[in-house]
Amino acid sequence: MSTTVKNPFQHIVEPLDPDEPNQQFYNLSKLGDPRYDRLPFSIRVLLESAVRNCDEFLVKSSDVERILNWKETQTQTVEVPFRPARVILQDFTGVPAVVDFAAMRDAVMKLGGDPEKINPVCPADLVIDHSIQVDFNRKSDSLQKNQDLEFDRNRERFQFLKWGSKAFRNMRIIPPGSGIVHQVNLEYLARVVFNHEGFFYPDSLVGTDSHTTMIDGLGVLGWGVGGIEAEAVMLGQPISMVLPEVVGYKLSGTPDKFITSTDIVLTVTKHLRQVGVVGKFVEFFGPGVAQLSIADRATIANMCPEYGATAAFFPVDNVSIQYLEQTGREAEKLTYITKYLKAVSMFRDYNDVSQDPDFTQVFELDLSSVVPCCSGPKRPQDRIAVSEMKTDFETCLGAKTGFKGFQVSPEHHTTSVPFQFNGKEFTLSHGSVVIAAITSCTNTSNPSVMLGAGLLAKKAIECGLSVKPYIKTSLSPGSGVVTYYLKESGVMEYLSKLGFEVVGYGCMTCIGNSGPLPEPVVEAITQGDLVAAGILSGNRNFEGRVHPNTRANYLASPPLVIAYAIAGTVRIDFEKEPIAINSEGREIFLRDIWPTREEIQAVERTFVIPSMFKEVYEKIEKVNERWNSLVAPSDKLYTWDTNSTYIKSPPFFDGLTMELHPPKSIQDAYVLLNLGDSVTTDHISPAGNIARSSSAARYLTSRGLTPRDYNSYGSRRGNDAVMARGTFANIRLFNKFLNKQAPQTIHLPTGDTLDVFDAAERYQQSGVPLLVLAGKEYGSGSSRDWAAKGPFLLGIKAVIAESYERIHRSNLVGMGVIPLEYLPGDTADSLGLTGRERYTVIIPEQLTPRMIVDVKLDTGKTFQVRMRFDTDVELAYFHHGGILNYMIRKMSEN
């Protein structure tokens, strides 16, 4: 704790235990303010942070008053600062963050400052989980082969990260092969309550991954931010946020014995997406919460970005404490966690209605109404009851191209293509499953669904069932604990027999690292123009994300992943049709092999025990021998290797000086892309494979690389030359200029159709600014700072959209790209915009948050848009040309 400035709330500091006077806390109940006990529990965390960090500079006592007055400010835009206790990163977003830090050190040095000021001031944990791919599967040595290949591909990146762990204080790297960041956070990194420098305070965090919200299930307030914003937090800046509305979500009733946590979360996702919770906190309450395990709650919190909320908070209760005990946390910590949270009225009894706080709105779900379901074929909020999967898919097949349509003509609905695989003949048709992946922290963190999958596999094998050999099956757990209990409980061997071998510990198929499909399968899909299916226990299924050859992708629980793999198609009604006919000619139905909740819980009680967690996590930082033997430099300034195609000093700070220049209007800009609704960060900055025909591939080839060495866009986020070329390089990008899906656009002055990067390069050579036109929910999906950095490097000065996803808007602000929003009722269509006009955006010298500005076209038309700089702090960042420039200038001051 800093003692340089007297905290005006010092008078409420007291010891948690009178016998230990040096172990203190800010006792919020001593504020003597009746409003405190009516605040949602999530807002109490924001309040505690403001009270503890109040220095009348970055955090003011007026901010504390604003938070206390939360209920009265619901209809207003109230800005408050928040200083999270820590930051987490994964390697796809972590590498560019460390690259930025290294480049910022260089820039501070050039401006005459102390480069070592660029250093995390709060704990930052980086888990390497995004690099491993499913190159090998179905064999017992698949795990080792995939891990070896991961290291061979990513040695340079890993070496750079190891340098970062030495060069920067407070930065811990969890090596590859350890697990998925959010599961490791849940099982190991989470403190729940910090005990630091003599003070107790709530654990809280931001992370450079949108599914950081998973930790909310344990009662730790956290959410995803852009990498750029996370870097500022690491450097000591509070997050400037609009005090959110808090939607109370009441859970009641008891789920049916055949229902999984995945069914519950997909139901919640659809419901909350429908009612609209974008930019809000959701806080769960009611007697139904007490029936959910922490793993169940974490699954629901994990998919918070899919229903659009900022956070999905489950306050700590006795079940939380039992989970901490189950996962091997020390008894001493459990004692002070409980004591502290009760002292500050942040410990919850979900059956006690007198504890229910005030909420902005309340919605309710009766858990007994939940039915088995999946989501798809292109969005996580499009829930389908399993009983309706067959008819829904067949409807989608013929429907107009869109989120629920593939526009296959009726005469082709029954198309089937025979092919040879391993010397045998098989047939593919529309709806054939070609990828079946038990993947993602969303579900692999949950012993009930993982053991459920194992028990289903056991019963399937005992009934003589199997999975066709061409289906790419995989099991990628989020931590080593999962493999431990699957083996100890005896179900791992049955999963292996069905082809679900452990292929790696990382995100894998969930983020598009699904690896190649067998060539005969790809040829059959291409020949028949088939809508092949992927089924995965992940959290996202946007077009082009899972695999280029699976146009239909469904999210499902791990047991259902296995069920559809056995069936081999999504065109099946499990209630009426057998899942398969075994070798004896007997029809086997899904209900014959589906385990009940009671069966699963009995196995879980016996085999998921504290010693497993302790054993796995005691050696987590030392278990990877190749990481241990990796040699990295120890200099404080990084020595950039100009031959590297992975790590490159970015051009963001070239020519940066201490002087500020007033903002200028954008004059006569061309539109680079004219886009529709729900353009995701996957469309803007893909993470998956680098296509051989792409601008990025041509660049890598010019550097002497062959296609097998391209790796993925995600792995090359430390190299701006690759990432700029990868911007808008998704093959599923629908550009209205072309009226089809392609990673291309029209260079308007010449009419040439070009790859997006090549068109942008032509415009830049002419000195012409660029805009993007878009519809609703621009930038939805993963937290991805390159979805803002890439457009910045292409020369895009502003985006005009109907609405923005929260994190992406923040990232655009962080890079100095202006997010402009049509006024209510206006759209590109209603204004008659074709995108072929030239646009001048009038930016006045005196800017205020959310101000309305004029846009003038070369046709003579003028319309107005709202400038989505939502706070004064965001305007300050814009004046500096972005948040990182702001930080460099600040750190360079003497």
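Everything below is about the structure shown above.
Counting restarts for each chain: residues are numbered from 1 in the order of the written sequence. Residues qualify for local features only when their pLDDT is at least 70, as the model is predicted, and side-chain atom pairs are given and counted only at 80 or more; totals for whole chains, interfaces and linings, by contrast, use all residues. Excluding hydrogens and water, the side-chain values take into account all heavy atoms of the structure.

Visitor: Just to check I follow, could you spell out the pairing of strand β29 (residues 744-747) for this structure?
Guide: Strand residues, when the strand is regular, have side chains that alternate between the two faces of the sheet. Note on pairing: two strands pair once DSSP finds at least 2 bridges between them. Each helix is a run of DSSP H or I of at least 4 residues and each strand a run of E of at least 2, with the numbering of both proceeding from the N terminus. Both β29 and strand β30 (residues 752-755) contribute to a ladder of 4 bridges, which runs antiparallel. Counterpart to I746 in the pairing with β30 is T753. In sequence, β29 turns back onto β30 through a hairpin of 4 residues, with G751 there showing a positive phi of about 80°.

Visitor: Whenever I open this one, the nonpolar core confuses me. Can you help?
Guide: Soluble globular proteins tend to bury their nonpolar side chains together. Counting 305 residues, the largest nonpolar core has F500, Y564, I579, F728 and Y778 as its most contacted members. Of all the elements, helix α3 (residues 91-110) adds the most residues to this core, at 11 residues. Beyond its immediate stretch of four places on either side in the chain, Y564 contacts C374, V386, M389, V433, I535, T569, V570, I572 and F574. With 11 residues, the next largest nonpolar core counts A697, L700, L705 and V722 among its residues. Note on terminology: a nonpolar core comprises buried Ala, Val, Leu, Ile, Met, Phe, Trp, Tyr and Cys residues joined through side-chain atoms within 4.5 Å. To sort residues, take the accessible area from a 1.4 Å probe on protein chains only and compare it with the maximum for the residue type: under 20% means buried, over 50% means exposed, and anything in between is partly exposed. Contacts are residue-level and defined by heavy atoms, with any inter-residue pair within 4.5 Å sufficient.

Visitor: Before we go on, may I ask you to explain the layout of surface pockets in this structure?
Guide: Of the pockets and cavities examined, the second largest pocket occupies roughly 1200 Å³. The rule is simple: put a 1 Å grid over the protein atoms alone, call a set of points where a 1.4 Å probe fits but cannot get out a cavity, call an open set with protein on both sides within 12 Å along at least five of seven lines a pocket, and count a residue as lining if it has an atom within 4 Å of a point. Lining the second largest pocket are 39 residues; nearest its centre among them are G688, N689, I690, A691 and N711. Elements supplying a minimum of two residues to the lining of the second largest pocket: α4 (142-167) and α17 (519-528). Broken down by element, the lining of the second largest pocket gets its largest block of residues, 3 residues, from α4. Grid points are joined across faces, edges and corners, and a volume is the space filled by probe spheres set on the points.

Visitor: Would you mind showing me how to read the sheet that holds strand β12 (residues 246-252) here?
Guide: Backbone-to-backbone hydrogen bonds join strands into a sheet, with any given pair of strands oriented parallel or antiparallel. Across the sheet, which stays open at both edges, the 4 strands sit in the order β14-β13-β12-β15 with parallel pairing between neighbours. A strand with exactly one partner marks an edge of an open sheet, and here the two such strands are β14 (311-313) and β15 (361-366). Averaged over all adjacent pairs, the angle separating strand axes in this sheet is 25°, with direction ignored. Strands β12, β13 (281-285) and β15 of the sheet are contacted by helix α7 (residues 261-275), whose axis makes an angle of about 150° with β15. Axis lines are fitted through C-alpha atoms, for helices just across the contact stretch, and the angle between N-to-C directions can take any value from 0 to 180 degrees.

Visitor: For this particular structure, what's the right way to read α7?
Guide: Turn by turn, an α-helix covers 3.6 residues, leaving residues three or four places apart pointing in a common direction. Expected span of a helix, by definition, is 1.5 Å for each gap between consecutive residues, and there is one gap fewer than residues. Counted at 1.5 Å a residue, the expected span for α7 with its 15 residues is 21 Å, and the 21 Å between its end C-alpha atoms agrees. Here α7 has its buried residues at S261, T262, D263, I264, V265, L266, T267, V268, T269 and L272.

Visitor: Looking at this model, I keep getting lost on the packing of aromatic side chains. Mind explaining?
Guide: Each aromatic ring pair is summarised here by two numbers: the centre-to-centre distance and the angle between the ring planes. Ring pairs shown here join Phe, Tyr and Trp side chains whose ring centres sit within 6.5 Å, with only the six-membered ring taken for Trp; geometry is labelled stacked below 30 degrees between planes, edge-to-face above 60, and tilted in between. Enumeration over the complete set of coordinates arrives at 30 aromatic pairs. Their ring planes at 80° and their centres at 5.1 Å tell us that Y638 and W640 sit as a pair that is edge-to-face. In this structure Y638 comes out as buried when scored by relative accessible area, which is 17%. Lying over the aromatic face of Y201, R52 brings its terminal NZ or CZ to 3.8 Å of the ring centre. Put simply, a charge is over a ring when the Lys NZ or the Arg CZ is close to the ring centre, within 6 Å, and near the line of the ring normal, within 35 degrees. The ring centre of W786 lies 5.5 Å from the NZ or CZ of K789, which sits over that ring.

Visitor: What exactly am I supposed to notice about the packing of helix α14 (residues 447-462) against helix α20 (residues 597-607) here?
Guide: Helix-helix packing is described using two parameters, namely the angle between the two axes and the distance between the axes. Two elements in contact, α14 and α20, have axes separated by 9 Å at closest approach and are oriented at 110°. Considering the angle they form, α14 stands roughly perpendicular to α20. The two elements α14 and α20 cross, and the hand of that crossing is right-handed. Here P447, S448, L451, G452, L455 and K459 of α14 lie close against α20, whose contacting residues are E599, I600, V603 and E604. For this scheme, ten residues count as nonpolar: Ala, Val, Leu, Ile, Met, Phe, Trp, Tyr, Cys and Pro. Four count as charged, namely Asp, Glu, Lys and Arg, and the remainder, Gly too, count as polar. Grouping the constituent residues of the contact of α14 with α20 by class yields 5 nonpolar, 2 polar and 3 charged. Any angle that falls under 35 degrees is termed roughly parallel, while one over 145 is termed roughly antiparallel, one within 65 to 115 roughly perpendicular, and all others oblique. Crossing handedness is defined as follows: a turn of the near helix away from the far one that is anticlockwise and smaller than a right angle gives a left-handed crossing, while the clockwise case is right-handed.

Visitor: Just checking my understanding: could you explain unusual backbone geometry for this structure?
Guide: Glycine aside, residues mostly have negative phi angles, and peptide bonds mostly take the trans form. Of note, the amide linkage connecting G376 to P377 takes the cis form, showing an omega dihedral of 10°. Following the sequence through the fold, P377 ends up in the loop between β16 (373-375) and β17 (383-385). One non-glycine residue, R138, adopts positive backbone phi at about 70°. Inspection of the secondary structure assignment puts R138 in the loop between β5 (124-127) and α4. On the basis of relative accessibility, which here comes to 25%, the residue R138 falls in the partly exposed class. Here D668, not a glycine, exhibits a phi torsion of approximately 50°, which is positive. Structurally, D668 can be placed in strand β26 (residues 666-674).

Visitor: Got a minute to help me understand the state of the cysteines in this structure?
Guide: One covalent bond between the sulfur atoms of two cysteine residues makes up a disulfide. By definition, disulfides here are pairs of cysteine sulfur atoms that lie within 2.5 Å. Enumeration according to the criterion identifies 0 disulfides in this entry. Sulfur of C304: no disulfide; nearest cysteine sulfur belongs to C441 and is 13 Å away. Under the relative-accessibility criterion, C304 is labelled buried at 0%. This cysteine, C441, is not joined by any disulfide, and C507 carries the nearest cysteine sulfur, 6.3 Å off.

Visitor: Can you walk me through the side chain of D720 in this structure?
Guide: As for its placement among the helices and strands, D720 is situated in helix α25 (residues 720-726). Within polar-contact distance, the side chain of D720 engages the side chain of K648 at 2.9 Å. In contact with D720, not counting residues within four places along its chain, are K648, S649, P650, P651, W786 and L793. Polar contact is the term for a pair of N or O atoms within 3.5 Å; when the atoms are in protein, one must be able to donate a hydrogen and the other to accept it, and sequence-neighboring residues count only if both atoms are side-chain atoms.

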